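Listed below, chain by chain, are the residues.
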Amino acid sequence: MSEIDKYKSIPKNVASENDLDYSFLRKAGLEYIEQISGNLWTDYNEHDPGITILEMLCYAITDLGSRIEMPIENLLSPQDGTAQTIEEQFFKASDILTSKPVNGADYRKLFIDIEGVKNCWLKKYVKKVYVDCKHDKLSYNPDDFASVNENLKRDFELQGLYSLIVDCDDEDISEDDFNKLKKAITKKYQANRNLCEDLADISKVETHPISVCANIDVEPFADEELIHAKIIRAIDNYFSPNIHFYSLKQMFEKGYTSDEIFEGPVLENGFIDPAELEATTLRTEVRLSDIMHIIMEIEGVKFIKEISITDCKNPDDDADEWLICIEEGKKPVRCKDSAYSYFKGVLPLNINKKKVQKYLDEMEAAEKEEQKLAKVDKEIKVPSGAYLNTNETTTIQNDFPDTYGITQVGIITKETTERKSQAKQLKAYLLFFDQVLASYFAHLGKVKDLLSVDNQLKKTYFTQAVEDIRGINEIFPDYSNKTPEELTKKLLSGLDDNVSRKNILLDHLIARFAERFSDYAFLMKELYGEYANKAILLSKEKFLKDYNITSSQRGLAFNYFKQPASNLWNTDNVAGVQKRIARLAGMKNFKRRNLSDSFVEIYDLLDSDGNKVYRWRVRDIDNNIILSATTDYPTPNYAENELYLVILKIIETSQDTIDAAFESPILDNMEIGNFYVRISDMGKYSFDVINKEEPDYSTDYIIARQYLYFSTLETFKKSLVDLIDFFIEVFTEEGMFLIEHILLRPDITQNSVPLEQFMPICTENCESCEPVDPYSYRITVVLPGWTYRFENPDFRTFMEELIRKEIPAHVLARICWIGYRKNDVKDDENQMLIFEKAYKQFLLSKTNLGQGQNETKLKDFIKILTELNSIYPEGRLIDCDNDEDVLEGRIILGRTNIGNI
């Protein structure tokens, strides 16, 4: 084996199992003792107390090792009624291994799962668009550009539009019933539509009738009616194969692995064999040899005397008696001219048609019953474990010989005071080892919580009291009375940087999904300083909690068709990739909503000298003012920067800091984190937000104020905690809109559409700006350019790279950073406000029109969409001759790309 091959993979089992080997542990312990105390201690015999202690510790370690080696289901099993079950700790296979449809086979599975659909096939929907390069116009009708020079005309076909050909269970389905089936298919498709794609047409498959005539000799004791029924079913299945659903057990028996079984969308009726699905394409030819082979496979058939196939549309065509070509897009069916004769030797047989139909009905009924079984047990069962109290601990002292005087028997009363003191000293010494082991066992009991994607623990270190040590309270008063939480706080709180440690645990879980947050974490530390680790932690937690959605729906578009207004605006009915980008970027809210409506208000007023100045205030979800500026600012930008500083200072203060402060008396002018306490003459409490980096009592020290007063310490503390929670969990100005250009196409069912309904293009007389097509696989992503993170040049670069990386590779994105908040500028100058209004009206009109469009709403939305301009943070040219000029916020001619600022 070469060195390269040797290191191709990491072995799954890296455990040495030395922790289970008592002899190994004892030997290793002796070697260690010899190294550190060989000059002082040479008696390593079994009677030596030190060796006895070593042996007890080795035994305790093997106990810990044996618990670690327990089946994982036992380690994860909670105590009854106290925590999540094992099933709740893991995503189900149908949640995490499946995905929304991404290819034609996935969509076929999805539609075949609908009652009434026997089979179906997707094909490209052809819609040509003509281009007038002279006037930069588009049209569905080439006659609109008849007067244009041929050298200045182009055309292209819209991409991403599909037609569906349906083979119904009932070949004689009525028009009304087929329309109902089309509605069911459309509803299912729109709930599972791929980004930048759409279903333009649904039609019933046309038929190509083929007659089969055969003389067949059967066995003497065969049931000729049963044979005839089987032959008819076999030929029909050859012409148009049935798609079968299988149970999970049957799929495993076929040799498929779990990831192969659950690949693609979740189906209601079971699982479809992908090999069978691939084999059931529309047949392009019918071969006589295939039919002969099928008939001869049926039990009871002796031989075929005569057989022929005929194209019922062209019965006189005898070009090839062994093969008939089927028209494209059609399926072969048995023609009514088909004829079958049966013989037993020279004796012709009469076929009882009623009996044949009875056999056919029985076969169909048996198949339906078998298909029902495929719906049962569609989930992989999570192994059930037994709760074995793995965190239980006991002292090693009780395993010592009684002569040591430290067991439950204790020391005899006639012993001297010195001897009793020595026993207590040994107890205290051994408690150190007991406590270390008790902490290990406590951690083992928390494994199921620490590695859960929904980890609610606030701590990452744990310990517990060793309760069965006799007389422990004489040595350490109240030791055994402390709860695990109290003891953990006393012994380990100084070691537990729970934010950093939880980040490491989440990195471990995220790495299992081949995801990473390294670039995001680096930028957050630049933006948020000390608070960054906590912000990153919250982002990772939300990302993991939603991973079943953000992974399976990453290619999914939003459902625009036949939706209520509540599911089009102020809704999480958005593209799957939008949800994924939001979680990877730490955005709290990915709903489609009015981003111009903000918790923040920047307003102007006149100062004492009559000059216009600016202030800010923040409102909560009930529109109450909860925070206000303390000074006037010369520009809105200054006010906004101070607001973001205030928010940062608030979220830097932790709940633990507040809890610790309220354990002591609360005094006037007291600092609690970044809060400054004020107590009025009436004994009421209020607070300011402070910037400790500024001198005390300077104008920059108090940076925000809450003009509310609280009469009790309880309500005052709650107001501080609520304010922190509001800015961490609720407050956000971030969001995004993702617009699919294919939905902006004019009505494709019409050939004559006003040219104003098409998107504008730039061709420069057909010499540049390729590709000309503004619809196919194109999106526009609109983001608010005024928010704290989104106005940062580095974070914008990160977001743009993230968007382009996460969208499908064939989709081209245009990214716009626009502004402003509502009331920041005049409404008719606020592109975000105008855009939101036009987009909402477009969606409300589009949802009930299918392939059609509301001409006015479409034109209004296209107009604002194509006029969007990104806003950039303020900057000034750098003075290259000034060595002291810093680079932050500066523009260097020839080196700064304004598009990336």
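As a reminder, the structure under discussion sits directly above these lines.
Presented here is an overview of the structure given in this document.

Reading guide: rules and limits
- Residues numbered from 1 in each chain as written.
- Predicted model: local features only at pLDDT ≥ 70, side-chain atom pairs only at ≥ 80, totals over all residues.
- Heavy atoms only, no water.
- Patch = residues over 30% accessible without salt bridge, like charges linked within 9 Å, V, L, I, M, F, W, Y side chains within 5 Å.
- Areas by Shrake-Rupley, 256 points an atom, 1.4 Å probe, with all protein chains shown as cover.
- Salt bridge = Lys/Arg side-chain N within 4 Å of Asp/Glu carboxyl O.
- Helix = DSSP H or I, 4+ residues; strand = E, 2+ residues; numbered from the N terminus.
- Core = buried A, V, L, I, M, F, W, Y, C linked by side-chain atoms within 4.5 Å.
- Buried < 20%, exposed > 50% of the residue type's maximum accessible area, 1.4 Å probe, protein only.
- Contact = heavy atoms within 4.5 Å.
- 1 Å grid on protein atoms, 1.4 Å probe; cavity = no way out; pocket = protein on both sides within 12 Å on 5 of 7 lines; lining within 4 Å.
- Points joined across faces, edges and corners; volume = space filled by probe spheres on them.
- Nonpolar A, V, L, I, M, F, W, Y, C, P; charged D, E, K, R; others polar.
- Disulfide = S-S within 2.5 Å.
- Phe/Tyr/Trp six-rings, centres within 6.5 Å; stacked < 30°, edge-to-face > 60°.
- Pairing = 2+ DSSP bridges.
- Axes fitted to C-alpha atoms, helices over the stretch in contact; angles between N-to-C directions.
- Parallel < 35°, antiparallel > 145°, perpendicular 65-115°, else oblique.
- Left-handed = near helix turned anticlockwise from the far one by under 90°.
- Polar contact = N/O pair within 3.5 Å; in protein donor to acceptor, adjacent residues only side chain to side chain.

## A few points about a nonpolar patch on the surface
Working step 1: Nonpolar side chains collect at one region of the surface, where Phe432, Val436 and Tyr440 lie side by side and expose about 320 Å² of accessible area between them.
Working step 2: Its place among the elements puts Phe432 in helix α15 (residues 417–445).

## Some thoughts on the nonpolar core
Soluble, globular proteins show a tendency: their nonpolar side chains are buried together.
Working step 1: Judged by nonpolar contacts, the single largest core of 137 residues is most densely connected at Trp616, Leu627, Met799 and Phe835.
Working step 2: With near-sequence residues (within four places) excluded, Phe835 lies in contact with Phe737, Ile739, Val782, Ile818, Phe861, Ile864, Leu865 and Leu868.
Working step 3: Formed by 26 residues, the second largest nonpolar core is a distinct cluster that contains Ile210, Ile294, Val301 and Ile304.

## Some words on empty space enclosed by the protein
Working step 1: If you walk through the whole model with that rule in mind, you get two cavities of 30 Å³ or more.
Working step 2: Here the largest cavity defines a volume of roughly 450 Å³.
Working step 3: Lining of the largest cavity is provided by 26 residues; of these, Tyr528, Lys588, Phe731, Glu734 and Arg789 occupy positions nearest its centre.
Working step 4: When residues of the lining of the largest cavity are traced back to their parent elements, those giving at least two are α20 (518–528), α21 (532–545), α23 (576–584), α24 (636–652) and α26 (713–730).
Working step 5: Looking at side-chain class alone, the lining of the largest cavity contains 16 nonpolar, four polar and six charged residues.
Working step 6: Taken as a whole, the second largest cavity holds about 40 Å³ of empty space.
Working step 7: Forming the walls of the second largest cavity are Phe558, Ile739, Glu740, Leu743, Leu744, Tyr839, Phe842 and Leu843.
Working step 8: Looking at the lining of the second largest cavity, the elements with two or more residues in it are β23 (737–740) and α28 (831–846).

## What about the state of the cysteines?
Working step 1: As enumerated under the stated definition, the model contains one disulfide in all.
Working step 2: The structure places no disulfide on Cys213, whose sulfur is separated from the nearest cysteine sulfur, that of Cys312, by 8.4 Å.

## Focus: the pattern of salt bridges
Working step 1: All told, the structure shown has 45 salt bridges when counted by the stated rule.
Working step 2: The residue Lys254 makes a salt bridge to Glu276 at a minimum N-O spacing of 3.6 Å. Note that Lys254 is positioned in the loop between α10 (248–253) and α11 (258–261) and Glu276 in helix α12 (residues 274–279), a separation of 22 residues in sequence.
Working step 3: Its salt-bridge partner being Lys489, residue Glu663 comes within 3.7 Å of it at the nearest N-O pair. With Glu663 in the loop between α25 (655–661) and β19 (671–672) and Lys489 in helix α18 (residues 484–492), the pair connects residues that are 174 residues apart, well separated along the chain.
Working step 4: For Glu663, a relative accessible area of 60% translates into the label exposed.

## Topic: α23
Working step 1: Among the nine residues of α23, nine are classified as buried, and the element is accordingly described as predominantly covered.
Working step 2: Three or more residues of α23 are buried, namely Gly576, Val577, Gln578, Lys579, Arg580, Ile581, Ala582, Arg583 and Leu584.
Working step 3: Its buried side turned inward, α23 meets α20, α21, α22 (547–552), β23 and α27 (793–806).
Working step 4: Just downstream of α23 lies Gly586, where phi reads positive at about 70°.

## Considerations on the packing of aromatic side chains
Aromatic ring pairs are defined here through the distance separating the ring centres and the angle between the ring planes.
Working step 1: On inspection of all chains with the given rule, the structure shows 41 aromatic pairs.
Working step 2: With 5.4 Å between their ring centres and 65° between their planes, Phe543 and Tyr547 make a pair best called edge-to-face. Here Phe543 matches Tyr547 in class, with each residue buried.
Working step 3: Between Tyr839 and Phe861, the ring centres sit 5.0 Å apart and the planes meet at 15°, which makes this aromatic pair stacked. Of the two residues, Tyr839 is situated in helix α28 and Phe861 in helix α29 (residues 855–867); the sequence distance between them amounts to 22 residues.
Working step 4: Through pairs of rings, three or more aromatic residues link up here, namely Phe513, Phe517, Tyr520, Phe543, Tyr547, Phe790, Phe795, Phe798 and Trp817.

## Focus on the pairing of strand β20 (residues 675–679)
Working step 1: One ladder, built from two bridges, connects β19 with β20; its direction is antiparallel. For Glu671, the partnering residue across the bridge sits in β20 and is Tyr676.
Working step 2: The loop that links β19 with its antiparallel partner β20 comprises two residues; one of these, Gly673, has a positive phi angle of about 65°.
Working step 3: Where β20 lies against strand β21 (residues 685–690), five bridges are found, and the strand directions are antiparallel. Each bridged residue has a counterpart across the sheet, and for Tyr676 the counterpart in β21 is Asp688.
Working step 4: With antiparallel pairing between neighbouring strands as the criterion, β20 and β21 make up a hairpin whose turn holds five residues, including Gly683 at a positive phi of roughly 80°.

## So, the sheet that holds strand β4 (residues 153–157)
Working step 1: Across the sheet, three strands lie side by side as β3-β2-β4; this open sheet has antiparallel pairing. The open sheet terminates on both sides in strands that have one partner only, identified here as β3 (137–139) and β4. Going across the sheet, the axis of each strand differs from the next one's by a mean of 25°, ignoring polarity.
Working step 2: Summarising the sheet, strand β2 (residues 128–132) and β4 pair through five bridges and their orientation is antiparallel. Note that in β4 the partner of Lys128 across the bridge is Glu157.

## Observations concerning unusual backbone geometry
Leaving glycine out, the prevailing phi sign among residues is negative, and the prevailing peptide bond configuration is trans.
Working step 1: Between Gly819 and Tyr820 the backbone carries a cis peptide bond, its omega angle lying at 20°.
Working step 2: Of note, the phi angle at Asp136 is positive, near 55°, even though the residue is not glycine.
Working step 3: Residue classification places Asp136 among the partly exposed residues on the basis of a relative accessible area of 25%.
Working step 4: Its identity as a non-glycine residue notwithstanding, Ala514 has a phi of 60°, on the positive side.
Working step 5: Along the chain, the position of Ala514 falls in the loop between α19 (498–511) and α20.

## Overview of the packing of α24 against α26
Working step 1: Packing of α24 against α26 brings their axes to within 9 Å, and their N-to-C directions diverge by 115°. Classified by the interaxial angle, the pair formed by α24 and α26 is roughly perpendicular. Considering the relative orientation of α24 and α26, their crossing is left-handed. Contacts between α24 and α26 pair Ile647, Ile650 and Ile651 from the former with Leu723, Ile724, Phe727 and Ile728 from the latter.
Working step 2: The class makeup of the residues in the contact of α24 with α26 is seven nonpolar, no polar and no charged.

## Structural notes on the environment of Phe842
Working step 1: Examined against the element boundaries, Phe842 turns out to sit in helix α28.
Working step 2: Classification of Phe842 as buried rests on a relative accessible area of 3%.
Working step 3: Sequence-wise, Phe842 and Asn854 are twelve residues apart; in three dimensions their C-alpha atoms are separated by 7.8 Å.
Working step 4: Sequence-distant contacts of Phe842, defined by excluding residues within four places in its chain, comprise Leu743, Leu744, Gln853, Lys857, Leu858 and Phe861.

## Quick word on the sheet that holds β23
The pairing of strands in a sheet happens through backbone hydrogen bonds and is either parallel or antiparallel.
Working step 1: Strand order in the open sheet made by the three strands is β23-β24-β25, with mixed pairing throughout. Because the sheet does not close on itself, it has two edges, and the strands there are β23 and β25 (812–818). Between one strand and the next, the sheet's axes are offset by a mean angle of 20°, whatever the strand orientation.
Working step 2: In the sheet, strand β24 (residues 778–784) pairs with β25 via seven bridges, with the strands oriented parallel. In the sheet register, Val781 faces β25, and the bridge partner there is Ile815.
Working step 3: Most of the contacts of α27 go to β25, to which it runs at about 150°, and overall it touches β24 and β25.

## Comments concerning the environment of Thr866
Working step 1: With respect to the secondary-structure elements, Thr866 resides in helix α29.
Working step 2: The contact partners of Thr866, leaving out residues within four places of it in the chain, are Met759, Pro760 and Arg814.
Working step 3: Side-chain polar atoms of Thr866 contact the backbone oxygen of Ile862, separated by 2.8 Å.
Working step 4: One polar contact links the side chain of Thr866 to the main-chain carbonyl oxygen of Lys863, over a distance of 3.1 Å.

## Focus on the side chain of Thr393
Working step 1: Secondary-structure assignment places Thr393 in the loop between α14 (353–373) and α15.
Working step 2: Relative accessible area serves as the criterion here: at 15%, Thr393 is assigned to the buried category.
Working step 3: For Thr393, the contacting residues outside a window of four places in its chain are Ala438, Phe441, Gln464, Ala465 and Val466.

## Focus: the environment of Tyr340
Working step 1: Looking at where Tyr340 falls in the secondary structure, it is placed in strand β14 (residues 339–344).
Working step 2: Since its relative accessible area comes to 17%, Tyr340 is described here as buried.
Working step 3: With 198 residues separating them in the primary sequence, Tyr340 and Leu538 have C-alpha atoms 73 Å apart.
Working step 4: Beyond its immediate sequence surroundings of up to four residues, Tyr340 is in contact with Val212, Ala214, His228, Ile231, Ile235 and Arg334.

Shape descriptors only; they carry no functional weight alone.
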